[in-house]
Amino acid sequence: MIHFDNVSKRYPGGFEALNQVSFRLPRGKMGYLTGHSGAGKSTLLKLIALIERPSRGQIILDGINLNHISNRQVPYVRRNIGIIFQNHHLLYDRPVFDNVAMPLVIQGYRHREIQSRVRAALDQVGLLKKEKSDPITLSGGEQQRVGIARAIVHKPSLLLADEPTGNLDPELSLEIMELFARFNQVGTSVLIASHDLDLIQHMGAQTLSLKDGRIVNDEISPNEIITGAA
Amino acid sequence: MRKGPQYNTLITAYLIHHIRVLLSSLGHLTRQPLSTMMTMAVIAIALTLPSGLYLALNNISGLSAGWDSSTKISLFLHTSVDEKKAQTLLERLRLHNEIDHVSMISKDQGLEQFKQGSGFGSALQFLEDNPLPIVLVVQPIIDTKRPDHINQLLKELENDKLVELAQLDMQWVKRLYAMLEIAHRGIWAIGSLLGLAVLLIVGNTIRLDIQNRRSEIEVSKLIGASNAFIRRPFLYTGFWYGFTGGLLAWLLTTASLYLLAEPVEKLTLLYHSDFQLNGLSFGDTMNLIMISCSLGLLGSWLAVGRHLDEIEPS
């Protein structure tokens, strides 16, 4: 699903966020990305979502070399990805339903289909009764789940999550992680960046650790992800 | 043909989407009624000024068309020409395609008019024979686009064997045309400037709108909205500004006309004129609204083109 080949990212100003990173996440697998803040986790996810472009190296996403994607084609690549942010990125001027419906509206789905799909997504994150609420009235955990519903409503083949549990207490964090695991079980590839090592060890999935922009082979080897190829 | 219906539903979905965006951008505008109305009012006023001036010039041109009809060429025929020959000339001139109509003042009629008009009535009775020539009064068809053609016609008529003298007050006509030409250009200049002002107003309003909806644009880009999709609501907003601004401008122009109608009527009565104040025609109104819609669209297009690319998710 994701294949990084010697990818480096140097920001204007000289800061090297990623340094010759190579790894492979096979289709339908779930992987964790760990490391301290500033280790390059967010940059790695941004490169996949084409928010940033690599300085060197190649990223193959679902068989497509992202270096060959022009700016005009970027939206169509993103439609195949569900992205979840630490700070939710919800729009507070519209109810939960409209927030979740956005990817479907963008892709031109019919009204009736939007209704059923949004309800299904909200049901999966346990917020079916909140569809008319304003996001601002929801708790942090609920807002995060609205963000997840929006990321999965169009059934993307890849889910990216950047510190999805950053602001949540351990119990809620575990709930959210188990939610991701459920999506993975129905075939979605998932890559989660998190610095919560305890939680990751509890979940027990394959892990890629970053330190100062490089992959470090510490307690869990990145080779497990690579050898996990089907 | 399996492709047909699929293709049709695609077009229908596209149209439905456009109509939905059209309406939702209108709804977006009504959510901030005060600022929306102020912007629309500014656009309307900026458009009312040139359209009002246009209307005024149109009416003055109409008025001068009335004067044009008094632009006549008097053909003084040689005294030797009798009425029969004059009549054949008159028939010939009536067929001329630059002449509206021709009338004849016979020697007797001329004398009669002279008697009444000059005050020499009794003295003229002592004349043995009528010294006046037959006069043909020619009314040319006025072509406002080429004021020179009357001059050409005048020369042509002067060269006729029967004509001794052809007379026309050209200076007057020329001056009028020159003044109308200046007024016309002036309106174009003012209109262009105010059109530019509308463009800037819409552009600036859309720019602020884009900034206010920054997070919405960012999120939309993140979940795969194409630039066209993000641009669309802003373009339609610009269209609505233009459309309602144009409609309001029409309303303001028409209302001002009604305010002027009564005093103008009084004035024309004083001049014994049958002058009629004309409002904007259907074609003029359509032009006004089309121009304002295009200005709205263009203004928003410029703003969107400049500012949408600046907003990228990070």
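Quantities reported herein were computed from a predicted structural model and do not represent experimental measurements.

Each value, and the rule that gives it
- Position numbers for residues count from 1 along each chain, tracking the sequence in the order it is written.
- Chain letters start at A and ligand numbers start at 1, both assigned in the order the entries are written.
- Totals for whole chains, interfaces and linings use every residue, but because this is a predicted model, local features are given only for residues with pLDDT of at least 70 and side-chain atom pairs only at 80 or more, for both listing and counting.
- Numbering goes from the N terminus for both helices and strands, where a helix is a DSSP run of H or I of at least four residues and a strand is a run of E of at least two.
- Taken over C-alpha atoms, the radius of gyration is set against a globule rule of 2.2 Å times the number of residues to the power 0.38.
- With C-beta atoms placed from the backbone, a residue is labelled by how many other C-beta atoms lie within 10 Å of its own: buried for 20 or more, exposed for 12 or fewer, partly exposed between the two.
- Two residues form a contact once the distance between their C-beta atoms, set from the backbone, is within 7 Å.
- Note on geometry: axes are C-alpha line fits, over the in-contact stretch for helices, and angles between N-to-C directions span 0 to 180 degrees.
- Every angle not falling under 35 degrees, over 145, or within 65 to 115 is termed oblique; those three ranges are roughly parallel, roughly antiparallel and roughly perpendicular.
- Left-handed is the label given to a crossing in which the near helix is rotated counterclockwise from the far helix by less than a right angle, and right-handed is the label when the rotation is clockwise.
- Between any two strands, at least two bridges found by DSSP are needed for them to pair.
- Think of it as three bins: nonpolar holds Ala, Val, Leu, Ile, Met, Phe, Trp, Tyr, Cys and Pro, charged holds Asp, Glu, Lys and Arg, and polar takes everything else, Gly as well.
- Expected span of a helix, by definition, is 1.5 Å for each gap between consecutive residues, and there is one gap fewer than residues.
- The reported arc concerns the directions from the helix axis to the C-beta atoms and nothing else.
- In this entry, domain limits derive from an automatic or database-based domain assignment.
- In this usage, the nonpolar core is the set of buried Ala, Val, Leu, Ile, Met, Phe, Trp, Tyr and Cys residues whose C-beta atoms join them within 7 Å.

### Quick word on the overall build of chain A
Regarding its fold elements, chain A presents eight helices and 10 strands. Since a compact globule built from 230 residues should have a radius of gyration of about 17 Å, the 17 Å found for chain A is in line with a globular shape. Projected onto the principal axes, the alpha-carbon positions of chain A cover approximately 45 × 40 × 40 Å. Residue burial in chain A is summarised as follows: out of 230 residues, 45% are buried. Here the analysis covers contacts within chain A between residues at least 6 apart in sequence; of these, 69% occur between residues at least 24 apart.

### Some words on the packing of helix α3 (residues 96-106) of chain A against helix α5 (residues 140-152) of chain A
All names here are of chain A. Orientation of α3 relative to α5, taken along the N-to-C sense of each, is 30 degrees, at an axis distance of 7 Å. On the basis of the axis angle, α3 is roughly parallel to α5. The two elements α3 and α5 cross, and the hand of that crossing is right-handed. Residue-level inspection shows V96, N99, V100, M102 and P103 of α3 in contact with α5, the latter providing V146, A149 and R150.

### Here we look at the sheet that holds strand β10 (residues 214-215) of chain A
Residues and elements named next belong to chain A. The strand order β6-β7-β8-β3-β9-β10 describes an open sheet built from six strands, whose pairing is mixed. Only two strands of the sheet have a single partner each, and these edge strands are β6 (81-84) and β10. Pairing analysis gives five bridges linking strand β7 (residues 158-162) to strand β8 (residues 189-193), with the strands arranged parallel. Within β8, the residue paired with L160 across the bridge is L191.

### Remarks on the interface of chain A and chain B
Reports often express the size of an interface as the amount of accessible area lost when the parts come together. Contacts between chain A and chain B engage 13 residues on the former and 14 residues on the latter. Mapped by element, the contributors of at least two residues to the side of chain A that touches chain B are α2 (74-78) and α3 of chain A. Taken together, the residues of the side of chain A that touches chain B break down into eight nonpolar, two polar and three charged.

### Things to note about the environment of B:R306
Tracing the backbone shows B:R306 in helix α10 (residues 282-307). Along the primary structure B:R306 and B:E262 are separated by 44 residues, whereas in three dimensions their C-alpha atoms are 49 Å apart.

### Topic: the sheet that holds strand β4 (residues 163-167) of chain B
Residues and elements named next belong to chain B. Taken in spatial order, the four strands line up as β2-β3-β1-β4 in an open sheet, and their pairing is antiparallel. In the strand order of this sheet, the two ends are held by β2 (99-105) and β4, each with one partner. Direction aside, the axes of adjacent strands within the sheet are offset by 20 degrees on average. As paired strands, β2 and strand β3 (residues 135-140) are joined by six bridges and run antiparallel to one another. Residue pairing for β3: S103 is matched across the bridge by V137. Contacting β1 (73-77), β3 and β4, helix α6 (residues 149-158) crosses the sheet at an angle of about 165 degrees to β4.

### Here's the deal with α5(A)
Residues and elements named next belong to chain A. Taking 1.5 Å per residue as the helical rise, α5 with its 13 residues ought to reach 18 Å, and the 19 Å between its terminal C-alpha atoms agrees with that figure. The buried count for α5 comes to 10 of 13 residues, which makes it a mostly enclosed element. Looking only at α5, the buried set comprises Q143, Q144, R145, V146, G147, I148, A149, R150, A151 and I152. For α5, the elements touching its buried residues are β6, α3, α4 (111-124), β7 and α6 (170-185).

### Some points on the pairing of strand β4 (residues 56-61) of chain A
Residues and elements named next belong to chain A. Bridging between strand β1 (residues 2-10) and β4 involves five bridges; their strand directions are antiparallel. Bridged to D5 within β4 is Q58. The turn linking β4 back onto strand β5 (residues 64-65) is made up of two residues, and D62 within it adopts a positive phi angle of 55 degrees.

### Observations regarding α6(A)
Three- or four-residue spacings in an α-helix give side chains the same orientation, since the helix completes a turn every 3.6 residues. All names here are of chain A. End to end, α6 covers 22 Å across 16 residues, agreeing with the expected 22 Å (1.5 Å per residue, within 8%). Listed as buried for α6 are S173, I176, M177, F180 and F183. The buried residues of α6 occupy one face: seen down the axis, they fall within an arc of 110 degrees. Turned more than 90 degrees away from the buried face of α6 sit E171, E178, R182 and Q185, all of them exposed.

### Here we look at the domain arrangement of chain B
For chain B, the domain assignment lists domain 1 (17-66 + 176-307) and domain 2 (72-168). In this structure, domain 1 of chain B and domain 2 of chain B have C-alpha centres spaced 52 Å apart.

### Here we look at the nonpolar core
The biggest cluster of nonpolar side chains holds 100 residues, and the ones touching the most others in it are A:I48, A:V100, A:A149, A:L159, A:L160 and B:V198. Among the elements that make up this core, the one with the highest residue count is helix α9 (residues 227-270) of chain B (10 residues). The residues contacting A:L159, other than those within four sequence positions of it, are A:G82, A:I84, A:A151, A:I152, A:F180, A:F183, A:T188 and A:V190. Among the nonpolar cores identified, the runner-up in size contains 11 residues, and B:L75, B:L77, B:A86 and B:V138 belong to it.

### Here we look at unusual backbone geometry
Residue and element names in this part refer to chain A. For Q20, which is not a glycine, the phi torsion comes out positive at approximately 50 degrees. For Q20, the position within the fold is in strand β2 (residues 16-25). In this model, L50 sits at a positive phi of 60 degrees, which is unusual for a non-glycine residue. Residue position: L50 is located in the loop between α1 (41-48) and β4.

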